[in-house]
Amino acid sequence: MKKLTKAEINLKEWEFEFLQRNKNCILMADLHCRGLYNNLKSEIKLNIEPYDYIFTNNDKGYVKTSKKLKVLKLLREASENSKYLEYVFKNSLFKMQNLNKIISYINTKIKMHMDDPDLARLWDKFEQSYLEAMPWFYIPWYLSEENILTDRVKDKLNKYQKEIEKIIDFNEALRILIFPIKKAAFQEEQELFFELIKLAEKNVNFEKDKKFKSEMQNYLERFSFFPTFYFLPLDHTNEKTLVKNIKKAMKNNFKVDFEMKIKMQMENARKLKELMQIIDNDIELVGDIELARELGWVLTASVDEAHRAGSKFAPFLKKIEESIGIKIGNIIFMTSDEIKAGLSKKVVEKIDFEKREIGQIFACLNGEIFTEFGEKGIELSKWIEESNQKQNVKISEFKGQSASKGFVHGKIKLALLPKDSYRLKEGEILVCSMTSPDYVSAMKKAAAIITDEGGLLSHAAIMSREFGKPCIIGTKIATKVLKNGMMVEVDADKGIVRILEKNKD
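Values in this document were obtained by computation on a predicted structure and should not be read as measured data.

What counts and how
Residues numbered from 1 in each chain as written. Predicted model: local features only at pLDDT ≥ 70, side-chain atom pairs only at ≥ 80, totals over all residues. Heavy atoms only, no water. Helix = DSSP H or I, 4+ residues; strand = E, 2+ residues; numbered from the N terminus. Rg over C-alpha atoms; globule rule 2.2 N^0.38 Å. Buried < 20%, exposed > 50% of the residue type's maximum accessible area, 1.4 Å probe, protein only. Contact = heavy atoms within 4.5 Å. Areas by Shrake-Rupley, 256 points an atom, 1.4 Å probe, with all protein chains shown as cover. Lys, Arg positive; Asp, Glu negative; His and termini not counted. Charge placed at Lys NZ, Arg CZ, Asp CG, Glu CD. Pairing = 2+ DSSP bridges. Axes fitted to C-alpha atoms, helices over the stretch in contact; angles between N-to-C directions. Phe/Tyr/Trp six-rings, centres within 6.5 Å; stacked < 30°, edge-to-face > 60°. Lys NZ or Arg CZ within 6 Å of the ring centre and 35° of its normal. Right-handed = clockwise from strand over helix to strand, strands pointing away. Parallel < 35°, antiparallel > 145°, perpendicular 65-115°, else oblique. Nonpolar A, V, L, I, M, F, W, Y, C, P; charged D, E, K, R; others polar. Polar contact = N/O pair within 3.5 Å; in protein donor to acceptor, adjacent residues only side chain to side chain. Arc of directions from axis to C-beta.

Chemist: Give a description of the overall build of the protein chain that names residues and reports values.
Modeler: When its secondary structure is counted, the protein chain shows 20 helices and 14 strands. Over its C-alpha atoms the protein chain spans a radius of gyration of 23 Å, differing by no more than 12% from the 23 Å that the globule rule assigns to 505 residues. Burial analysis of the protein chain (505 residues in total) assigns 57% to the buried set. Nonlocal contacts in the protein chain, meaning residues at least 24 apart in sequence, comprise 68% of its contacts between residues at least 6 apart. Just so you have it, the protein chain exposes about 23,400 Å², and 50% of that area is on carbon and sulfur atoms. Between the averaged position of the 85 positive side-chain charges in the protein chain and that of its 76 negative side-chain charges there is a distance of 2 Å.

Chemist: How would you explain the sheet that holds strand β9 (residues 407-414) if you had to name every residue and give the values?
Modeler: Taken in spatial order, the 8 strands of this open sheet run β7-β14-β13-β9-β10-β11-β12-β8, and their pairing is mixed. A single partner strand is all that each edge strand has here, and the edge strands are β7 (397-399) and β8 (401-404). Each strand of the sheet is rotated relative to its neighbour by a mean of 30°, with strand direction disregarded. The pairing of strand β11 (residues 448-451) with strand β12 (residues 471-473) spans 2 bridges and is parallel. Residue pairing in the sheet places I450 in a bridge with I472 of β12. Lying on the sheet, helix α19 (residues 459-467) is in contact with β8, β11 and β12; it crosses β8 at an angle near 45°.

Chemist: Provide a residue-level description of unusual backbone geometry, including the pertinent values.
Modeler: The residue K45 is not glycine, and still its phi comes out positive at about 60°. In this structure, K45 sits in the loop between α1 (26-44) and β3 (53-55).

Chemist: Can you break down the packing of aromatic side chains residue by residue, with the values?
Modeler: As enumerated under the stated definition, the model contains 27 aromatic pairs in all. Where F16 meets Y62, the ring centres are 5.8 Å apart and the plane angle is 75°; that geometry is what we call edge-to-face. Of this pair, F16 sits in strand β2 (residues 14-19) while Y62 sits in strand β4 (residues 60-64), placing them 46 residues apart in sequence. Y62 sits in the buried class, given a relative accessible area of 3%. Judged by centre distance (4.7 Å) and plane angle (25°), the rings of F225 and F226 are stacked. Taken together, the ring pairs in this structure connect F193, F194, Y219, F223, F225, F226, F254 and F258 into an aromatic cluster. The positively charged end of K125 is found above the aromatic ring belonging to Y105, 5.5 Å away from the centroid. Taking NZ or CZ as reference, K182 lies 3.9 Å from the ring centre of W297, over its face.

Chemist: So what's going on with the pairing of β11? Residues and values would help.
Modeler: Residues A448 and I450 point to one face of β11 and I449 and T451 to the other, with burial holding for every one of them. Judged from the 4 bridges that link them, strand β10 (residues 429-432) and β11 form a sheet pairing that is parallel. In the strand pairing of β11, L430 is matched with I449. A crossover links β11 with its parallel partner β12, the connecting element being α19, and its sense is right-handed.

Chemist: Give a detailed account of the side chain of E372, specifying residues and quantitative values.
Modeler: With respect to the element layout, E372 can be found in strand β6 (residues 368-373). For E372, a relative accessible area of 8% puts it in the buried group. Apart from residues no more than four positions distant in its own chain, E372 is found in contact with K3, L4, G359, Q360, I361, G377 and L380.

Chemist: Before we move on, can you summarise the environment of A460 with the specific residues and values?
Modeler: Along the chain, A460 turns up in helix α19. The spatial distance from the C-alpha of A460 to the C-alpha of L99 is 25 Å, given a sequence separation of 361 residues. Those residues in contact with A460, other than ones at most four positions away along the chain, are T435, M443, T451, C471 and I473.

Chemist: Break down the environment of C432 for me, with residues and values.
Modeler: Looking at where C432 falls in the secondary structure, it is placed in strand β10. For C432, a relative accessible area of 0% corresponds to the buried category. Sequence-distant contacts of C432, defined by excluding residues within four places in its chain, comprise A415, Y439, I450, T451, D452 and T479.

Chemist: Run through the packing of helix α8 (residues 170-178) against helix α12 (residues 254-279), naming residues and quoting values.
Modeler: Across the interface, α8 lies against α12 with an axial gap of 10 Å and an inter-helix angle of 95°. With respect to α12, the axis of α8 lies roughly perpendicular. The residues of α12 that touch α8, namely those facing E172, A173, I176 and L177, are N268, K271, L272, L275, M276 and I279. Class assignment of the residues belonging to the contact of α8 with α12 gives a composition of 7 nonpolar, 1 polar and 2 charged.

Chemist: Lay out the side chain of S404 in plain terms, naming residues and giving numbers.
Modeler: With respect to the element layout, S404 can be found in strand β8. Accessibility expressed as a relative area gives 5% for S404, which makes it buried. A polar contact is formed between the side chain of S404 and the backbone oxygen of K469, at a distance of 2.9 Å. If we skip the residues at most four places from it in the chain, S404 touches R175, S464, R465, K469, P470, C471 and A492.

Chemist: So what about helix α14 (residues 314-324)? Which residues, and what values?
Modeler: Taken together, the buried positions of α14 are occupied by F316, L317, I320, E321 and S323. Each buried residue of α14 sits inside an arc of 165° when the element is viewed along its axis, so together they form one side. Among the residues trailing α14, G325 stands out with phi positive, at a value near 90°.

So this is what it looks like as structure tokens:
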């Protein structure tokens, strides 16, 4: 690994692209960067250049703008071919399912008596599978972020605009038509959680009720994986946590909100039926709608599958830490090559884990790995992030794309990192670069949601419609212009954000 300096980075060439989970994790950055650089071209099957990538100390991913633009152009062209889209949909899920199988296989193996070379072979098997899967966090997301499929639907829907607007607003019709029909795991989880609350309301001591306990075990078997992830020390949901969540949800009127959501879904289903009657004979348009819906479902289903895989990973990591002889939890501050060297009992440079835990930056540039740790890693990260956050502060109004309709006034809560969102208060407006599963609790409390990135099938778009929250996506500048405590008007019907007061808390 080489030391990373400012000389290796021309900030004008780079842009923010991706936000990882809530932890400074060198191992994740390593696999992300190498997976994209070495595997994106072979997986996407388009004539692209190797993908340089940088992960900063706050787990923000940066890409060279010129390279990303080429990928998006080629992807837009390739998506005209339905067979290519079938390939994308199939592999988005298959690669994550394969990763899940590999980790299950590894768990079976580590229960046996194994020596270190066996662990090294298992790590190689995991690494190969993970590096192949990594591009599939990005390929379907690019289709969504650029609205490649939803734009196609909108273009063909235009000729029906007059008929549609006799029933509903045109843009709302588009959102209803492309919303996935197939349920994702988070929707099934919410439905079962709702059933648990109904049972809990019938009995003050519901934790001891046999039927409740049976349904609770069913819930935990299916959905306890949600909080977990690959290299982070996050535990599965257990009985104690679930009961606590249920009691909190009962106090916060979850049942009332969920019943309102069901009514909204039923109304949308009715409108969908009317809309489909208008366009039913347009075979091309109906086909494009089905493709857009499939993309929306695949985006969520593949991430769910990846989370399931990650939730099984802790025993393997612990076994490796014991074999290498490092403190439990320190493996996430190593690179994959360092892990392999440790398992092979090769002589490796002594790692300063305390320094790495303080801060890190990781880059893959022209096929070479560059790193910096400790205060220097923090300094370089700030240099990149602050440059990316510069914006004209005189802006008083800006526009994005409406993902979920509504009109609200409220106070801004800026959450550049998922952990910042945990401090959001009921009724505040969540502003972030993009949402992820770590933002869901804040999304439920927020009066509205505004993001820099994302398309109509992004996580923010799908979840905001699921929760019935006004949402504006793809503004590109929201986190640069808006500050904590600002009062704003969110007109999600038109996709407009207006700053009313610039006073900050």
